[in-house]
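Spelled out from the first residue to the last, the chains are:
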Amino acid sequence: MNTEERLAISKAVTVTLELCGTTWSEAAVKAVNLKLQQYSAAAVLSALTRCQTELAGRLSLAAIVERIEEASADGWPGPNEAWASVGDRGEAD
């Protein structure tokens, strides 16, 4: 991950924290940014975007990583994403 990508992720983490009503210490933000460097920038940014729209509560590192791993697992949507695509139809449909 290059410097530009790390900066974009850092800004996205800050925005996501604000949108989720979460406050982290400076040390926590640095630790999360460091942890996220092991993933591709595109995967991290996508996961953060999902967190912004999906989380009803506070942001956690686990929520970000869960979305990164869901997206990279096998190409299939995760359970929540799959059920969301069903819409108003029931399970029998």
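Scroll up a little and you will see the structure.
Residues numbered from 1 in each chain as written. Predicted model: local features only at pLDDT ≥ 70, side-chain atom pairs only at ≥ 80, totals over all residues. Heavy atoms only, no water.

Chemist: I keep staring at the nonpolar core and nothing clicks. Help me out?
Modeler: In this structure, Val13, Trp24, Leu36, Val44, Leu59, Ile64 and Ile68 are the most contacted members of the largest nonpolar core, which totals 20 residues. It is helix α3 (residues 41-54) that contributes the most residues to this core, five residues altogether. Once residues lying within four places of it in the same chain are set aside, the contact partners of Trp24 are Val13, Leu17, Val29, Val32, Leu59, Ser60, Leu61 and Ile64. (Core = buried A, V, L, I, M, F, W, Y, C linked by side-chain atoms within 4.5 Å. Buried < 20%, exposed > 50% of the residue type's maximum accessible area, 1.4 Å probe, protein only. Helix = DSSP H or I, 4+ residues; strand = E, 2+ residues; numbered from the N terminus. Contact = heavy atoms within 4.5 Å.)

Chemist: In this structure, what is going on with the pattern of salt bridges? I would like to understand it.
Modeler: Any two side chains of opposite charge can pair if their charged atoms end up close together. Per the counting criterion, the structure on display carries four salt bridges. Here Lys30 ties to Glu26 by a salt bridge, and the two come within 3.3 Å at their closest N and O atoms. With Lys30 and Glu26 both in helix α2 (residues 26-36), this residue pair falls four residues apart, about one helical turn. For the residue pair Lys30 and Glu26, the accessibility class agrees, reading exposed in each case. Note that Glu54 is salt-bridged to Arg50, the shortest N-O span being 2.9 Å. Taken together, the positions of Glu54 and Arg50, both in helix α3 and four residues apart, correspond to about one turn of that helix. Several salt bridges converge on common partners, so that one network encompasses Arg50, Glu54, Arg67 and Glu70. (Salt bridge = Lys/Arg side-chain N within 4 Å of Asp/Glu carboxyl O.)

Honestly, that's just the spatial picture; any functional story needs more than this.
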